[in-house]
Amino acid sequence: MSQYAFGHILRIKPDLNVLYYYQNFFINENASYAGLNYSFVPFGFSGVTVNRNGDGLEATVVFPNNDITRAWATQAIDQYWVMEVEVLIIDETNNNGSHQTVHTYTGQVTGGQWDNVTVSLQLTSVLDAVGTDIPRRSLTRKLIGNLPISSNVRLQ
């Protein structure tokens, strides 16, 4: 019988550059993945679902509630930061190693809340602009060029 260990790596991006690299498997250790170093932070990731239409629904990243987390979490909510989470099958004997990516989720912070223990950030898929209002942009000529004036448009 084979056993698998699952963990997550998290990249937090206030703009095009990654500000924080976190992992949640190797407790009190840094871990290397794809040539980058990830610090240990106890966080949870859950809620990624896709309905039968292919619309991505919200996911949640949960952190411990402390002064450090609240300082940047408030900015993440106000400025709609992007978070990339990779679900990995972990080689638990090697924190500098050959982990296998199961799934990558990229979402934009669209809300959050905290209580005495946790800070929860809601992520909505950046790619799903049909079912929600993310990304928070409108299609304009300046962003994408000339817009079609007919409803008879086919993407190929």
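Residues numbered from 1 in each chain as written. Predicted model: local features only at pLDDT ≥ 70, side-chain atom pairs only at ≥ 80, totals over all residues. Heavy atoms only, no water.

(A) Representation of the pairing of strand β9 (residues 118–125) within the structure. With seven of its eight residues buried, β9 lies for the most part within the structure. Of the strand pairs in this sheet, strand β6 (residues 59–64) and β9 are connected by six bridges, and their pairing is antiparallel. By the bridge assignment for β9, Thr-60 is matched with Gln-122. Between strand β8 (residues 100–114) and β9, which follow one another and run antiparallel, lie three residues. (Buried < 20%, exposed > 50% of the residue type's maximum accessible area, 1.4 Å probe, protein only. Helix = DSSP H or I, 4+ residues; strand = E, 2+ residues; numbered from the N terminus. Pairing = 2+ DSSP bridges.)

(B) Layout of the side chain of Glu-84. Examined against the element boundaries, Glu-84 turns out to sit in strand β7 (residues 82–90). Assessed through its relative accessible area of 15%, Glu-84 is described here as buried. Polar contacts involving the side chain of Glu-84 include one to the side chain of Arg-11, which spans 2.8 Å. Polar side-chain contacts of Glu-84 include one of 3.2 Å to the side chain of Lys-13. Filtering out sequence-adjacent residues up to four positions away, Glu-84 remains in contact with Ile-9, Leu-10, Arg-11, Lys-13, Tyr-105 and Thr-106. (Polar contact = N/O pair within 3.5 Å; in protein donor to acceptor, adjacent residues only side chain to side chain. Contact = heavy atoms within 4.5 Å.)

(C) Spotlight on the environment of Ser-32. Within the secondary structure layout, Ser-32 lies in strand β3 (residues 31–33). With 62 residues separating them along the chain, Ser-32 and Asn-94 place their C-alpha atoms 9.4 Å apart.

(D) Main features of helix α1 (residues 67–79). Here α1 contains 13 residues, and its C-alpha end-to-end distance of 19 Å stays within 8% of the 18 Å for a straight helix at 1.5 Å per residue. Taken residue by residue, α1 has Thr-69, Trp-72, Ala-73 and Ala-76 as its buried positions. Looking down the long axis of α1, one finds its buried residues gathered within 110 degrees of arc, a one-sided arrangement. Turned more than 90 degrees away from the buried face of α1, the exposed residues are Asp-67, Ala-71 and Asp-78. Lining the buried residues of α1 we find β1 (5–13), β2 (20–23), β6, β7, β8 and β9. Capping the start of α1, Asn-66 holds a side-chain oxygen 3.2 Å from the backbone nitrogen of Ile-68, two or three residues further along. A positive backbone phi angle near 55 degrees is found at Tyr-80, which sits one or two residues after α1. (Expected span 1.5 Å × (residues − 1). Arc of directions from axis to C-beta.)

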